[in-house]
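Single-letter residue listing:
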Amino acid sequence: VSDKYNLQAHEYFFLKIVQLYEMIIVRHGLMVVGLPFSGKSCCLKVLGDALSQLHEKGLNDEFNVKQNVVNPKSVTMGQLYGENDRATQEWKDGVLGTGYRNLASDQSPDRKWMILDGPVDAIW
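Note that the structure is a prediction, hence the values are computed from the model and not measured.

S.K.: Lay out the packing of helix H1 (residues 11-26) against helix H2 (residues 40-57) with the relevant residues and their values.
M.R.: Where H1 contacts H2, the axes come no closer than 10 Å and their chain directions differ by 70°. Of the possible angle classes, the one that applies to H1 and H2 is roughly perpendicular. When you trace H1 past H2, the crossing you get is right-handed. Along its contact with H1, which presents Phe13, Lys16, Ile17, Leu20, Tyr21 and Ile24, the element H2 presents Cys42, Cys43, Leu44, Val46, Leu47 and Leu51. A class-by-class count of the residues in the contact of H1 with H2 yields 11 nonpolar, no polar and 1 charged.

Written out as structure tokens, the structure is:
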């Protein structure tokens with residue numbers, strides 16, 4: 001799978017993917033943190049694609065992975081979480097609420113990942 005993303009097959013990179021997989025098995029949510037350009041997003045992509053390939057081949061009782069990626073810094077707080085329209089006072093759902101609703105309403109057995117891919121901020 002790493003060839004698909006033009007990545008070198010390095011032992012340390014695969015170790016991090018295995019550690020990420022082990023964490024996903026025991027947790028419902030997690031944070032992957034590290035320096036910029038240290039391979040965090042690539043680990044998620046490669047692991048997701050590898051699990052999907054295992055599912056396609058019927059191996060390891062794995063499920064297909066659907067990834068919903070959002071950069072929280074690319075939108076305002078109101079767009080991220082939702083907000084009331086100032087003129088009509090109508091509630092408008094944000095990107096996260098809409099994304100979670102779409103993933104929750106999907107009845108397939110697929111793994112559903114909501115990925116907030118961007119710098120960590122204490123506000124969000």
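Next comes the rest of the description.
S.K.: Could you give an account of the layout of surface pockets, naming the residues involved and the relevant values?
M.R.: Approximately 1,000 Å³ is the volume found for the largest pocket. What lines the largest pocket is a set of 33 residues, and nearest its centre among them are Leu30, Leu44, Met114, Ile115 and Leu116. Elements supplying a minimum of two residues to the lining of the largest pocket: H2, helix H4 (95-105) and strand S4 (111-116). For the lining of the largest pocket, the leading source of residues is S4, giving 6 residues. Taken together, the residues that form the lining of the largest pocket break down as 19 nonpolar, 7 polar and 7 charged. For the second largest pocket, the lining is made up of 15 residues, of which Lys16, Gln19, Val32, Val33 and Cys43 are closest to its centre. The biggest single contributor to the lining of the second largest pocket is H1, with 6 residues. Here the residues of the lining of the second largest pocket are counted per class, giving 9 nonpolar, 4 polar and 2 charged.

S.K.: Break down unusual backbone geometry for me, with residues and values.
M.R.: Its identity is not glycine, yet phenylalanine 37 carries a phi of approximately 60°, on the positive side. One can find phenylalanine 37 in the loop between H1 and H2. Relative accessible area serves as the criterion here: at 87%, phenylalanine 37 is assigned to the exposed category. The backbone of asparagine 60 shows a phi angle near 65°, a positive value even though the residue is not glycine. By secondary structure assignment, the location of asparagine 60 is in the loop between H2 and strand S1 (65-70). The exposure class of asparagine 60 is exposed, given its relative accessible area of 55%.

S.K.: Describe the pattern of salt bridges, listing the residues and the values that go with them.
M.R.: The tally for this structure, following the rule as stated, stands at 6 salt bridges. Lysine 4 is the salt-bridge partner of aspartate 49, the closest N and O atoms lying 2.9 Å from each other. You can see aspartate 49 sitting in helix H2 and its partner lysine 4 sitting in the segment before H1, a full 45 residues away along the chain. Residue classification places lysine 4 among the exposed positions, given a relative accessible area of 60%. With a closest N to O distance of 3.5 Å, lysine 66 and aspartate 110 form a salt bridge. On the criterion of sequence distance, the pair formed by lysine 66 in strand S1 and aspartate 110 in the loop between H4 and S4 is long-range, its members being 44 residues apart. Aspartate 110 sits in the buried class, given a relative accessible area of 15%. Counted as one network, the salt bridges with shared partners bring together Lys66, Asp106 and Asp110.

Scoring rules and cut-offs
Residues numbered from 1 in each chain as written. Predicted model: local features only at pLDDT ≥ 70, side-chain atom pairs only at ≥ 80, totals over all residues. Heavy atoms only, no water. Axes fitted to C-alpha atoms, helices over the stretch in contact; angles between N-to-C directions. Helix = DSSP H or I, 4+ residues; strand = E, 2+ residues; numbered from the N terminus. Parallel < 35°, antiparallel > 145°, perpendicular 65-115°, else oblique. Left-handed = near helix turned anticlockwise from the far one by under 90°. Contact = heavy atoms within 4.5 Å. Nonpolar A, V, L, I, M, F, W, Y, C, P; charged D, E, K, R; others polar. 1 Å grid on protein atoms, 1.4 Å probe; cavity = no way out; pocket = protein on both sides within 12 Å on 5 of 7 lines; lining within 4 Å. Points joined across faces, edges and corners; volume = space filled by probe spheres on them. Buried < 20%, exposed > 50% of the residue type's maximum accessible area, 1.4 Å probe, protein only. Salt bridge = Lys/Arg side-chain N within 4 Å of Asp/Glu carboxyl O.

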